[in-house]
Amino acid sequence: MNAAAGNTLGTMMSSPLTIDVLVRRAASHGDTEIVSRTPDKTLVRTTWKKVAARATRLAHALVRAGVEPGDRIASLMWNHSEHVELYLGVPLAGAVLHTLNLRLHPDEIAYIAADAGDRMIIVDDVLLPLFEKIVAAGAKFERVFVVGAEPKGRERYEQLLESGEPTVLPTLHEDQALGTCYTSGTTGKPKGVVYTHRSTLLHSLVLALPDQLSLARRDTLMPVVPMFHVMAWGLPYGAAFVGCRLIMPGPFLDAANLVDLLVGERVTAAAGVPTLWIGIRDLVLALPEKPELQPGLRMIVGGSAAPLGLIRDFDTLGMPIVHAWGMTETSPVGLVSRVPPEADDLDYEAKLAIRAKQGLPPPLIEIDVRNEEGSVPHDDRTVGELVIRGPWVAGSYVGGHLPDRWTNDGFFRTEDVAKIDAMGIVQLTDRVTDLVKSGGEWISSQELENALMGHPAVKEAAVIGVQHEKWSERPIAIVVFREGQSATAEALRAYLAPSFAKFWLPDAFEIVESIPRTTTGKFLKTALRKTYKDYKL
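Presented here is a report on the structure given in the accompanying data block.

Rules behind the numbers
- Residues numbered from 1 in each chain as written.
- Predicted model: local features only at pLDDT ≥ 70, side-chain atom pairs only at ≥ 80, totals over all residues.
- Heavy atoms only, no water.
- Helix = DSSP H or I, 4+ residues; strand = E, 2+ residues; numbered from the N terminus.
- Buried < 20%, exposed > 50% of the residue type's maximum accessible area, 1.4 Å probe, protein only.
- 1 Å grid on protein atoms, 1.4 Å probe; cavity = no way out; pocket = protein on both sides within 12 Å on 5 of 7 lines; lining within 4 Å.
- Points joined across faces, edges and corners; volume = space filled by probe spheres on them.
- Nonpolar A, V, L, I, M, F, W, Y, C, P; charged D, E, K, R; others polar.
- Pairing = 2+ DSSP bridges.
- Right-handed = clockwise from strand over helix to strand, strands pointing away.

Turning next to the environment of Gln159. By the element assignment, Gln159 lies in helix α7 (residues 157-162). Under the relative-accessibility criterion, Gln159 is labelled partly exposed at 47%. Between the C-alpha atoms of Gln159 and Val147, which are 12 residues apart in sequence, the distance is 10.0 Å.

Empty space within the second largest pocket amounts to approximately 520 Å³. Lining the second largest pocket are 20 residues; nearest its centre among them are Leu308, Gln427, Glu447, Asn450 and Ala451. Elements supplying a minimum of two residues to the lining of the second largest pocket: α12 (308-316), β20 (426-431), α14 (445-452) and α15 (489-496). The class makeup of the residues in the lining of the second largest pocket is 10 nonpolar, six polar and four charged.

Counting buried positions along strand β18 (residues 384-389) yields five of six residues, so the element is predominantly enclosed. Where strand β16 (residues 366-371) meets β18, five bridges bridge the pair, whose relative direction is antiparallel. By the bridge assignment, Asp368 is partnered in β18 with Val387. Bridge count between β18 and strand β19 (residues 412-420): four bridges; the pairing is antiparallel.

Among the five residues that make up strand β3 (residues 72-76), four are buried, leaving the element largely enclosed by the rest of the structure. Taken together, β3, helix α4 (residues 81-92) and strand β4 (residues 96-99) form a β-α-β motif whose crossover is right-handed. Both β3 and strand β5 (residues 118-124) contribute to a ladder of five bridges, which runs parallel. The residue bridging Ser75 from the neighbouring strand is Ile122, located in β5.

Below, the structure written as structure tokens:
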């Protein structure tokens, strides 16, 4: 009598959460399209079935080329179907996909590639000039494969695929590495985060849930967030699970090209940072005839806080914003803002205020807000540092750097200052490093910024602290006006006055044409503080 037959309690199948499950799932979606905009702006159409087949061939080719489990394979690529093939095929070979951030300085990319130990790299032909600078900065790769028509002496990616005759692929395990990304490096050297097969599949499944990003097979999804930024927020994997159409904008991220894709491909959900949506809003509002967008098109916004005014403007345009928060260390989805049922009876402005917060954690994610004494009350007033843990939250950095970012009970310290209201909804008020300390009191730069960007004349606003002889620091606001509009410092201060204590109000307003940003679209506060370090009030 076998053990299973004698077990009166029954058993469940042991099905590892590994990428081969997702590749087979992707193949089952058949002729559902993946559409890519190429560097010459033409649209190339393929299908999930073809991409899954090519990804499988890539895995065999990599194994035949000597790639072993755990080897890092880098990509220097834009958003297109070949990059989706790498998302699936590299981990299928047991290797680790390392998406390099092409917006960083070549020296920094070279450092990251060396720190990760990248063995091979696959590069878009249009990015070869950047790649050569990375090599000149000291990066070394055993083999280089080029996607596109101009390999310039390098090996063609298509030739690699042609070598992918069936061979024995390695046995995959849930907890082995699938991909790696590096933090932006705004506070010290970039740090590596490794995603496992298990963490990636769980994250992909959960982000598609109705109260999360609500992805369905009938959707047409356009990830504008680059595929080198936190694995495109996991959206290609989520799309592979649900089987929706996928629209990839390539290198063309300007508002005109994005609107053209939104209309022409009948996109129902798009994802990116607020900077992109600000440009789209301004373009759509300026057009004499409004583009024929899909009714209820969902604009998924992350990377930095979505200003209240931006959410309101898109509501007016019939394009509701879904606000989400995360980090490289959280894969990245850690919070999603949806109006909970208990708030159904609130008026529009109250619901709008909820949607501007960062939201609630998805299933399997735990959060807390703590100060030096422990957890703080959930009263919408008391702030502390947001901490988070769950199956797709990093447990350490590559190389074991900064172990004190993790608490004794296994939470990751986000360095975000936050508060939680009675409904459990999280609102981030600032980064620890961006708080302005005035006369011993803390002022949230982010809350002031979001309020300022609600002013009809203001396009963007960043708030920093500058030295003050009496108060230690005082806030000043750096403001970009919308085209053709302006406002006086007195008018801007009066606009803020009803919502903030008097000592919170900026002492000065500097008008500029643009605000420096990180490669992921966030305000680069370090650059602003350097520019205004000798500012005299």
